[in-house]
Amino acid sequence: MARAQNSATQPGTPKVGLRERKKIQTRQAIRRAAYRLFAEYGYEATSVDRIAEAAEVSPSTVFRYFPTREDIVLTDEYDPLLEAGLRARPAGEPMTESMRHVAVEALRRLSAEERAELVQRARLIREVPAIRGRTAENTARDSAMISAVLAERTGRSADDLEVRVISTALLAGLQEALLHWVADGQRDDLGTLIDRAMNVLGRGLTL
């Protein structure tokens with residue numbers, strides 16, 4: 001999923017302490033510097049040393065926040081907001097509706113800069129094999145989070161096969177909507193594409 005704005009500024013979320021806000025700001029500065037350099041020089045030609053210089057931090061600081069260069073693209077502050085948003089939805093609501101609402105609301109809050117980064121992120125996932133390969137780790141982590149929320153709603157185990165299938169399908173729907181949006185030149189509204197993806201899941205994977 002896309003990154004939301006600094007979680008300390010989002011309504012309906014717990015306040016973040018000063019130390020954590022500074023960490024978020026540092027992560028964002030590194031990420032934004034990296035995206036600028038990726039756009040100018042390309043992903044492969046952009047070293048961690050160059051990113052560190054542009055972000056005005058040391059290379060060791062970059063590695064402390066992002067263990068690999070791929071993590072700069074794939075790691076964000078959105079997961080806690082996604083989890084909080086899903087938990088705030090009515091317990092009896094279908095998960096497709098909960099995910100639709102949370103994702104579209106997050107998109108509505110994106111700044112122009114964040115939306116541009118979202119496009120670049122999706123392009124990098126599509127075009128760079130190393131990044132695409134690392135997305136599996138992120139998907140597994142996010143799927144476990146959604147499974148936990150769904151397990152609480154249903155009283156079933158988070159390791160239940162049906163729970164895990166639903167969680168993984170929801171994430172796949174979001175990612176395919178995002179990748180389609182970028183591949184198609186952002187001609188359609190991303191929120192509309194997310195609606196379509198959730199509709200496919202909601203009606204039982206029929207065409």
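Numbering of residues begins from 1 in every chain and follows the order in which that chain's sequence is written. At least 70 in pLDDT is required for a residue's local features to be given in this predicted model, at least 80 for side-chain atom pairs to be given and counted, and no such filter applies to totals for whole chains, interfaces and linings, which use all residues. Hydrogens and waters are ignored; side-chain quantities use all the structure's heavy atoms.

Undergrad: In this structure, what is going on with the packing of helix α7 (residues 112-127) against helix α8 (residues 129-154)? I would like to understand it.
TA: For any two helices packed against each other, one specifies the crossing angle of their axes together with the interaxial distance. Axis geometry follows a simple rule: fit a line to the C-alpha atoms, using only the stretch in contact for helices, then measure angles between N-to-C directions, giving values from 0 to 180 degrees. Each helix corresponds to a stretch of at least 4 residues labelled H or I by DSSP, and each strand to a stretch of at least 2 residues labelled E; elements are numbered beginning at the N terminus. Following both chains from N to C, one finds α7 and α8 inclined at 100°, their axes separated by 5 Å at the closest point. Our classification of the angle between α7 and α8 gives roughly perpendicular. Of α8, the residues touching α7 (which contributes Leu 124, Ile 125, Arg 126 and Glu 127) are Pro 129, Ile 131, Arg 132 and Thr 135. Think of it as three bins: nonpolar holds Ala, Val, Leu, Ile, Met, Phe, Trp, Tyr, Cys and Pro, charged holds Asp, Glu, Lys and Arg, and polar takes everything else, Gly as well. Classifying every residue of the contact of α7 with α8 by side-chain character gives 4 nonpolar, 1 polar and 3 charged. Here the word oblique covers every angle except those under 35 degrees (roughly parallel), over 145 (roughly antiparallel) and from 65 to 115 (roughly perpendicular). We call two residues contacting when some pair of their heavy atoms lies within 4.5 Å.

Undergrad: How should the environment of Ile 146 be read in this particular structure?
TA: Inspection of the secondary structure puts Ile 146 in helix α8. Ile 146 sits 27 residues away from Val 119 along the chain, and the two C-alpha atoms are 24 Å apart.

Undergrad: Looking at this structure, I do not really get the packing of aromatic side chains. What am I missing?
TA: The description of two aromatic rings rests on the distance between their centres and on the angle between their planes. Aromatic rings from Phe, Tyr and Trp, with only the six-membered ring used for Trp, were paired whenever their centres fell within 6.5 Å, and each pair was classed as stacked if the ring planes differed by under 30 degrees, edge-to-face if by over 60, and tilted otherwise. According to the stated counting rule, one finds 2 aromatic pairs in the structure shown. Seen from their ring centres, Tyr 35 and Phe 38 are 6.4 Å apart, and the 85° between their planes marks the pair as edge-to-face. Here Phe 38 and Tyr 35 lie together in helix α1 (residues 18-41), a separation of 3 residues that amounts to about one turn. What makes Tyr 35 buried here is its relative accessible area of 5%. On the numbers, 5.0 Å between centres and 50° between planes, the contact of Phe 38 with Tyr 43 is tilted. Summarising the burial analysis for this pair, Phe 38 and Tyr 43 share the class buried. Through a chain of ring-to-ring contacts, three or more aromatic side chains come together here, namely Tyr 35, Phe 38 and Tyr 43. Should the NZ of a Lys or the CZ of an Arg lie within 6 Å of a ring centre and within 35 degrees of the ring normal, that charge is described as sitting over the ring. Across the ring face of Tyr 41, the terminal group of Arg 50 is positioned such that the distance to the ring centre comes to 4.2 Å. For every residue, the accessible area obtained with a 1.4 Å probe (protein chains only) is divided by the maximum for its type, and the residue is called buried under 20%, exposed over 50%, and partly exposed between those limits.

Undergrad: Looking at this structure, how should I read the pattern of salt bridges?
TA: Where charged atoms from two side chains of opposite charge come close, those side chains can pair. Note on definitions: salt bridges are taken to be side-chain nitrogens of Lys or Arg within 4 Å of carboxyl oxygens of Asp or Glu. For the coordinates displayed, the defined rule picks out 17 salt bridges. Its salt-bridge partner being Glu 105, residue Arg 108 comes within 2.5 Å of it at the nearest N-O pair. Of the two residues, Arg 108 and Glu 105 are both situated in helix α6 (residues 95-109); the distance of 3 residues between them amounts to about one turn of the helix. Classification of Arg 108 by relative accessible area gives exposed; the value is 59%.

Undergrad: Would you mind going over helix α10 (residues 190-202) with me for this structure?
TA: An α-helical turn contains 3.6 residues, so a residue and the one three or four places further along point in the same direction. Take the number of residues in a helix, subtract one, and multiply by 1.5 Å to get its expected span. Taking 1.5 Å as the rise per residue, α10 with 13 residues should run 18 Å; its terminal C-alpha atoms sit 18 Å apart, in good agreement. Contacts made by the buried residues of α10 are with α6, α7 and α9 (161-183). Nitrogen and oxygen atoms within 3.5 Å of one another constitute a polar contact, given that in protein one can donate a hydrogen and the other can accept it, and given that sequence-neighbouring residues count only through two side-chain atoms. Where α10 starts, the residue carrying a side-chain oxygen 3.1 Å from the main-chain nitrogen of Gly 191 turns out to be Asp 189.

Undergrad: Before we go on, may I ask you to explain the environment of Asp 71 in this structure?
TA: With respect to the helices and strands, the residue Asp 71 is situated in helix α4 (residues 69-74). The exposure class assigned to Asp 71 is buried, which follows from its relative accessible area of 7%. Each C-alpha atom, one on Asp 71 and one on Ala 183, is 22 Å from the other, the two residues being 112 residues apart in sequence. Polar contacts involving the side chain of Asp 71 include one to the side chain of Thr 68, which spans 3.0 Å.

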